[in-house]
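Listed here are the chains, written in short residue letters.
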Amino acid sequence: MTLYLARGAVIKATQDTWNWPLVDPLPSYGRGRELPGRRYVSFIQGDGISDVIITGENGTIDGQGDVWWNMWRQRSLHFTRPNLLEFKNSRDVIISNVVFQNSPFWNIHPVYCSNVVIRYVTVLAPYDSPNTDGIDPDSSSNVCIEDAHIATGDDLVAIKSGWDEYGIAYGRPSSGITIRRLQGSSPFSGIAIGSETSGGVENVLVENINLYNTGFGIHIKTNAGRGGYIRNVTVVNVSMNKVRKGIRIAGDVGDHPDEYFNRYAMPTVDGVTIKNVRGVDIQQRIDRRHQELALYSTYACPMSSSGVL
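Residues numbered from 1 in each chain as written. Predicted model: local features only at pLDDT ≥ 70, side-chain atom pairs only at ≥ 80, totals over all residues. Heavy atoms only, no water.

Per an unreviewed UniProt entry, the protein chain carries the name Glycosyl hydrolases family 28 and comes from Musa troglodytarum. In its Sequence similarities (unreviewed entry) section, UniProt records this for the protein chain: "Belongs to the glycosyl hydrolase 28 family." (UniProt positions renumbered as here; feature names shortened; annotations may be inferred.)

In structure tokens form, the structure reads like this:
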């Protein structure tokens, strides 16, 4: 099937949070990402589907998320906020030429999926909107994200694969992820891997990225108790302007779902190549925080805060 949004078309999510349906948590997370128990269903949700296209003439899917953001700020949420779009256990999906804006939580979340193409999309949310990640491929394979503009309140793209003991038990990695010709800004990360990487992340190519007014340019983040691995990652041809930290590799990021995580489950990072990165007005070029992290064969080119490598 094809969902087609003509020019000027807008699909708006209801702001009636009391009647928003609940669904079970993802098995690789064990609970809602924000709160224990179930989670609110995504505004557009697909489970076990194939050969589906969401496209158009840059029509808009609007999550009207401000009511949810205020509930988060007031600590009045009862369950984890809904994503704007989530495909689960699905394959052969194309998302193109659509504007996604004001998601209550994450914007585009393919989880347990394969063969997903996301191109020519615009993803927007206010700079201070909480946890409004742009695109989060999660325990998915063969995902291509290209020619996108993203400006949100959290990571522009974050590759994930499950949370602590639940992600380790589910054991489905994210692999074959390509991100190219993306531009955008965020108070957090431009391109992130993690911090939920317990199922493993491998074979990632990131190229031709333009970031501005961003907290972290390239951010590889994990934590003790995550387990899993991050390996065979190549990042090339990245331009940064007004970024707080250009490259950050950290082993002490993120919380835990409950007290049952294995604090001895150490993640590994192996085979990371970062090259041809240029920055202007960078406060800190490279930040390595290896606490509780097994780090092997990581190569990062030095970056000048005034513009050249």
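Right, picking up where we left off after that structure.
**Q** Now, about the state of the cysteines: what can you tell me, with residues and values included?
**A** This model, assessed by the stated rule, comprises zero disulfides. Free cysteine Cys-113: the closest other cysteine sulfur is in Cys-144, separated by 15 Å. Among the residues examined, Cys-144 registers a relative accessible area of 15% and is labelled buried. (Disulfide = S-S within 2.5 Å. Buried < 20%, exposed > 50% of the residue type's maximum accessible area, 1.4 Å probe, protein only.)

**Q** Tell me about the sheet that holds strand 8 (residues 85-88), and name the residues and values.
**A** Taken in spatial order, the three strands line up as 5-8-11 in an open sheet, and their pairing is parallel. Looking at strand neighbours, the two that pair on one side only are strand 5 (44-47) and strand 11 (108-111), the edges of this open sheet. Across the sheet, the mean angle separating the axes of adjacent strands is 5° when strand polarity is ignored. Pairing of strand 8 with strand 11 involves four bridges; the strand directions are parallel. Its bridge partner being in strand 11, Glu-86 is matched across the sheet by His-109. (Pairing = 2+ DSSP bridges. Helix = DSSP H or I, 4+ residues; strand = E, 2+ residues; numbered from the N terminus. Axes fitted to C-alpha atoms, helices over the stretch in contact; angles between N-to-C directions.)

**Q** Kindly report on the confidence of the model for the protein chain, identifying the contributing residues and their values.
**A** Per-residue pLDDT for the protein chain has a mean of 94; in total, 93% of the residues score no lower than 70. For the stretch residues 291-309, pLDDT sits under 50, and the model shows 67 contacts to residues farther than four places along the chain or on other chains. (pLDDT = per-residue confidence, 0-100. Contact = heavy atoms within 4.5 Å.)

**Q** Lay out empty space enclosed by the protein with the relevant residues and their values.
**A** Per the counting criterion, the structure on display carries two cavities of 30 Å³ or more. One number sums up the size of the largest cavity: a volume of about 130 Å³. Along the walls of the largest cavity sit 15 residues, with Leu-26, Arg-33, Arg-39, Thr-80 and Trp-106 positioned nearest its centre. Looking at the lining of the largest cavity residue by residue, the class counts come to six nonpolar, four polar and five charged. Put simply, the second largest cavity is a space of about 50 Å³. Every residue lining the second largest cavity is listed: Ile-159, Ile-191, Ala-192, Ile-193, Val-204, Val-206, Ile-218, His-219, Ile-220, Val-233 and Val-235. Those elements giving two or more residues to the lining of the second largest cavity turn out to be strand 16 (174-193), strand 17 (201-221) and strand 18 (229-250). At five residues, strand 17 tops the list of elements feeding residues into the lining of the second largest cavity. (1 Å grid on protein atoms, 1.4 Å probe; cavity = no way out; pocket = protein on both sides within 12 Å on 5 of 7 lines; lining within 4 Å. Points joined across faces, edges and corners; volume = space filled by probe spheres on them. Nonpolar A, V, L, I, M, F, W, Y, C, P; charged D, E, K, R; others polar.)

**Q** So what about the pattern of salt bridges? Which residues, and what values?
**A** One side chain can pair with another of opposite charge once the charged atoms of both are near each other. According to the stated counting rule, one finds 17 salt bridges in the structure shown. Among the ionic pairs, Glu-34 bridges to Arg-81, the shortest N-O distance being 2.6 Å. One end of the pair, Glu-34, is in the loop between strand 3 (22-23) and strand 4 (39-40); the other, Arg-81, is in the loop between helix 1 (66-74) and strand 8, with 47 residues separating them in the sequence. By relative accessible area, Arg-81 is classed as buried at 2%. Shared partners join several salt bridges into a network, and the residues in it are Arg-119, Glu-146, Asp-147, Arg-180 and Arg-181. (Salt bridge = Lys/Arg side-chain N within 4 Å of Asp/Glu carboxyl O.)

**Q** Give me the layout of surface pockets: which residues, what numbers.
**A** In this structure, the largest pocket occupies an estimated 630 Å³ of space. Surrounding the largest pocket, 27 residues form its lining, Arg-33, Asn-131, Asp-154, Glu-196 and Asp-255 being those nearest its centre. Broken down by element, the lining of the largest pocket gets its largest block of residues, three residues, from strand 17. For the lining of the largest pocket, a count of residues per class yields eight nonpolar, eight polar and eleven charged.

**Q** Residues and numbers for helix 1, please.
**A** Among all positions in helix 1, only Trp-68, Trp-69 and Met-71 are buried. Buried residues along helix 1 cover an arc of 160° about the axis, so they all sit on one side. Contact partners of the buried residues in helix 1: strand 4. (Arc of directions from axis to C-beta.)

**Q** Lay out the side chain of Glu-146 in plain terms, naming residues and giving numbers.
**A** Among the structural elements, Glu-146 can be located in strand 14 (residues 141-151). Overall, the relative accessible area of 5% leaves Glu-146 in the buried class. In this structure the side chain of Glu-146 is engaged in a polar contact, spanning 2.8 Å, whose partner is the side chain of Arg-180. Reaching out from Glu-146, the side chain makes a polar contact with the side chain of Arg-181 at a distance of 3.4 Å. Residues in contact with Glu-146, not counting those within four places in the same chain, are Ile-118, Arg-119, Tyr-120, Arg-180 and Arg-181. (Polar contact = N/O pair within 3.5 Å; in protein donor to acceptor, adjacent residues only side chain to side chain.)

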